[in-house]
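# Coordinate analysis (summary)
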Amino acid sequence: MIKPQRALSTAFLAQLLFAAAPLGAAADTACGNSATAIHGIQGAGDQSPLAGKRVTVEGILTRDSRQAGGFGGFYLQQADHETDNNPGTSEALFVYTRKPGGKPGQRMRVTGQVTEFHGLTELTKVKALTACEHTGLPASIAVSLPWTQPPESLENMRVRFTGPLTLTDSYNLARYGELVLAAHDQIIATEYLPPGREARALAQHNHHHRVLLDDGLGIRNPEPVPWLGQHALRAGDTVSGLEGVLDYRFGQWRIQPTRTPHFESGKTRPAPPIKPPSSLRVMTLNLQNYFNGNGDQTGFPTPRGARSFAAFEAQRERLVRTIREARADILAVTELENDGYGPSSASIGLAQALGAGWMVIRTPGQDGSDAIRTSLLYQSDRVSPAGIPHRPGPETPAGRPRPPLAQAFKIPEGDQEFWVVVPHFKSKSCRNASENERDQGDGQGCYNRHRTRSAKALTHWLDQLTGGLTETPVLITGDLNSYPREAPLEHLRKAGFSNLVHRFHPCRPEHCDHYTYRYQGQKGTLDYALASPALLPSVLQAQTWNTNVDEPPALGYRQAPDQSGPWRSSDHNPVLTDLSFTRQP
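Residues numbered from 1 in each chain as written. Predicted model: local features only at pLDDT ≥ 70, side-chain atom pairs only at ≥ 80, totals over all residues. Heavy atoms only, no water.

Now for the nonpolar core. If you look at the biggest cluster of nonpolar residues, it comprises 33 residues, and the most contacted ones within it are Phe-161, Leu-179, Leu-181, Val-211, Leu-213 and Leu-233. Within the residue set of this core, elements represented by two or more residues are β3 (92-96), β7 (158-161), β8 (165-169), α4 (173-176), β9 (179-182), β11 (210-213), β13 (243-249) and β14 (252-257). Among the nonpolar cores identified, the runner-up in size contains 29 residues, and Leu-287, Leu-319, Val-333 and Trp-545 belong to it. (Core = buried A, V, L, I, M, F, W, Y, C linked by side-chain atoms within 4.5 Å. Buried < 20%, exposed > 50% of the residue type's maximum accessible area, 1.4 Å probe, protein only. Helix = DSSP H or I, 4+ residues; strand = E, 2+ residues; numbered from the N terminus.)

The subject of this paragraph is the state of the cysteines. Note on terminology: disulfide describes a covalent bond linking the sulfur atoms of two cysteines. Under the criterion given, the structure shown has 3 disulfides. Note on cysteine connectivity: Cys-31 is disulfide-linked to Cys-132, with sulfurs 1.9 Å apart. One disulfide, between Cys-31 and Cys-132, carries an S-S torsion of -85° and so falls in the left-handed class. With a gap of 101 residues between them, Cys-31 in the loop between α2 (25-29) and α3 (38-42) and Cys-132 in strand β5 (residues 120-134) connect regions that are remote in the sequence. (Disulfide = S-S within 2.5 Å.)

Across the sheet, which stays open at both edges, the 9 strands sit in the order β6-β7-β13-β14-β11-β9-β8-β12-β15 with mixed pairing between neighbours. In this open sheet, the two strands that pair with only one neighbour each are β6 (141-143) and β15 (262-264). On average, adjacent strands in this sheet sit at an angle of 40° to one another, irrespective of strand direction. Bridge analysis of β8 against β9 gives 3 bridges, and the strand direction is antiparallel. When the sheet's bridge partners are listed, Asp-169 is paired in β9 with Val-180. (Pairing = 2+ DSSP bridges. Axes fitted to C-alpha atoms, helices over the stretch in contact; angles between N-to-C directions.)

Turning to the sheet that holds strand β4 (residues 106-117), a few remarks are in order. Strand order in the closed barrel made by the 5 strands is β1-β2-β3-β5-β4, with mixed pairing throughout. Averaged over neighbouring strand pairs, the angle between their axes works out to 50° when direction is ignored. Summarising the sheet, strand β1 (residues 54-65) and strand β2 (residues 73-77) pair through 5 bridges and their orientation is antiparallel. Each residue of the ladder has a partner; that of Leu-61, found in β2, is Leu-76.

Let us look at the confidence of the model for the protein chain. When pLDDT is averaged along the protein chain, the result is 92, and 95% of the positions lie at 70 or above. Here residues 1-24 is a poorly scored stretch, pLDDT under 50, and it has 42 contacts once near neighbours within four places are set aside; other chains count. (pLDDT = per-residue confidence, 0-100. Contact = heavy atoms within 4.5 Å.)

A few words now on helix α6 (residues 309-326). Taking 1.5 Å as the rise per residue, α6 with 18 residues should run 26 Å; its terminal C-alpha atoms sit 26 Å apart, in good agreement. Those residues of α6 that sit buried are Ala-311, Phe-312, Ala-314, Gln-315, Arg-318, Leu-319, Val-320, Thr-322, Ile-323 and Ala-326. Where α6 is buried, its residues contact β16 (280-290), β17 (330-337), α7 (346-354), β18 (358-360) and β29 (575-579). Phi turns positive, to about 60°, at Arg-327, one or two residues after α6. (Expected span 1.5 Å × (residues − 1).)

One side chain can pair with another of opposite charge once the charged atoms of both are near each other. Scanning all chains against the criterion turns up 28 salt bridges. Arg-518 is the partner of Asp-185 in a salt bridge, and the nearest nitrogen-oxygen pair spans 2.7 Å. Residue Asp-185 is located in the loop between β9 and β10 (186-187), and its partner Arg-518 is located in strand β25 (residues 517-519); the two are separated by 333 residues in the primary sequence. Each of the two residues, Asp-185 as well as Arg-518, counts as buried. (Salt bridge = Lys/Arg side-chain N within 4 Å of Asp/Glu carboxyl O.)

Time to look at helix α8 (residues 448-466). With 19 residues, α8 should cover 27 Å at 1.5 Å per step; its first-to-last C-alpha distance of 27 Å lies within 8% of that length. Taken together, the buried positions of α8 are occupied by Asn-448, Arg-451, Thr-452, Ser-454, Ala-455, Ala-457, Leu-458, Thr-459, Trp-461, Leu-462 and Thr-466. With its phi angle positive at about 80°, Gly-467 sits one or two positions after the end of α8.

Have a look at this one:
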């Protein structure tokens with residue numbers, strides 16, 4: 001484990017080596033005989049000074065993980081009266097063995113080899129294991145977040161958190177039995193800070209000052225899913241009474257609990273935002289890969305979406321309920337299957353599921369080469385298209401590989417037209433990224449150059465299409481895969497577009513109520529409603545509806561198809577923009 005560097009004196013090292021020298025079989029197993037101190041094995045450097053050496057230790061078994069599915073060993077901690085009183089050295093280590101014997105609170109004598117395993121100091125190749133007298137557990141060390149002392153100095157020791165922690169992420173709950181906890185809900189740095197040194201420092205601080213609540217198992221897909229039975233486990237909930245062993249595995253500090261913590265709901269599931277009278281609501285939603293197979297209950301598993309028809313039905317039911325409860329009039333979607341506009345297509349099927357009056361904007365043959373596309377659906381009794389839809393062609397920078405969709409609309413009782421434009425920029429995933437598109441360390445992730453070029457191409461295309469963005473009411477709304485202070489959004493801001501959600505609900509370093517995504521325990525905005533200057537007077541309000549991202553993925557349609565919507569219908573929150581157009585005198 002990475003610990004503060006400290007030079008070891010020659011005399012101290014000689015003392016450790018002498019204590020670790022073979023003492024014979026009787027000495028190895030006889031409780032109370034001379035043994036190597038665990039803090040001497042841990043040391044204060046980045047690795048154990050005795051790595052590779054055979055040693056005999058005595059300590060107290062604090063947590064047993066030799067059960068089926070466990071980590072194949074137990075945690076051993078020095079008794080309180082045997083510590084070195086040096087806060088820089090840990091007094092515990094993990095003993096990797098399936099040998100039986102001992103239980104929590106019992107003193108153990110173990111002979112084995114000191115090993116560094118992916119940052120964790122362990123005792124392996126155990127030759128002898130003796131259960132001695134029952135002494136009770138060592139006292140737990142009081143800690144809090146941000147860390148009150150380096151966690152490396154507490155590796156494998158018993159700790160207790162003095163105050164409640166906030167649940168910030170449950171992405172790996174169903175897969176690995178993990179929850180991410182921090183002192184408070186964390187916000188993506190570039191949500192409100194420009195990319196650069198300060199944003200990097202905040203991101204690193206957020207990453208280092210958190211801890212995972214683990215289920216104590218080393219298996220995938222634990223059943224039942226831990227912690228979920230009695231609690232909703234929404235991000236923002238608090239966890240108190242947290243006590244256990246501070247462990248380090250898979251690059252993360254985690255606590256293996258020795259008692260059941262207490263979960264308390266931080267906030268209730270929000271009702272749909274009230275829609276102003278006589279307003280027109282534009283709803284923006286990433287559908288999380290809405291693929292309907294062949295459209296006839298066959299064709300599953302799909303390339304990106306549902307693995308079965310039953311799962312697809314659950315996905316469709318949740319999305320439909322979300323859209324209906326939001327009272328949307330125009331629906332701008334991303335991650336819709338790119339399979340045309342026939343009767344069995346995903347887009348037509350979604351419109352039919354939404355009910356009578358719902359129509360799809362069709363742009364046959366111009367929807368790009370990607371497996372997913374953007375789309376617009378609308379209630380024909382509330383709004384109607386004005387003119388033909390548009391997508392940039394593949395020969396233009398804006399048209400590759402999933403071109404944006406632009407459509408002018410008008411309401412029946414008015415003659416003013418306004419445009420709705422739905423882009424979907426490339427994600428931050430680093431797969432196949434060239435050197436120029438890799439993460440540049442400025443907080444903007446991979447493919448930032450690509451997204452910035454897409455933003456510039458989008459405004460250039462729209463300026464030509466509308467005859468001038470300054471004078472034309474335009475709403476750009478979709479998944480831009482960029483946070484508000486990053487380069488793509490900065491370009492759109494300089495082009496005159498206002499971030500409507502931030503305009504009505506600004507995010508501050510200590511507070512952010514409106515966001516559309518969570519990534520590695522941090523919340524931020526990837527989906528937008530951006531208004532041109534000419535549209536701003538018609539905007540009544542803009543907000544997100546927190547139906548999805550605070551909910552654990554374990555409640556999603558793939559893992560829990562019997563759960564009712566609208567909760568966790570997608571991995572993005574919808575954006576709702578309410579407009580009002582009055583007839584000009």
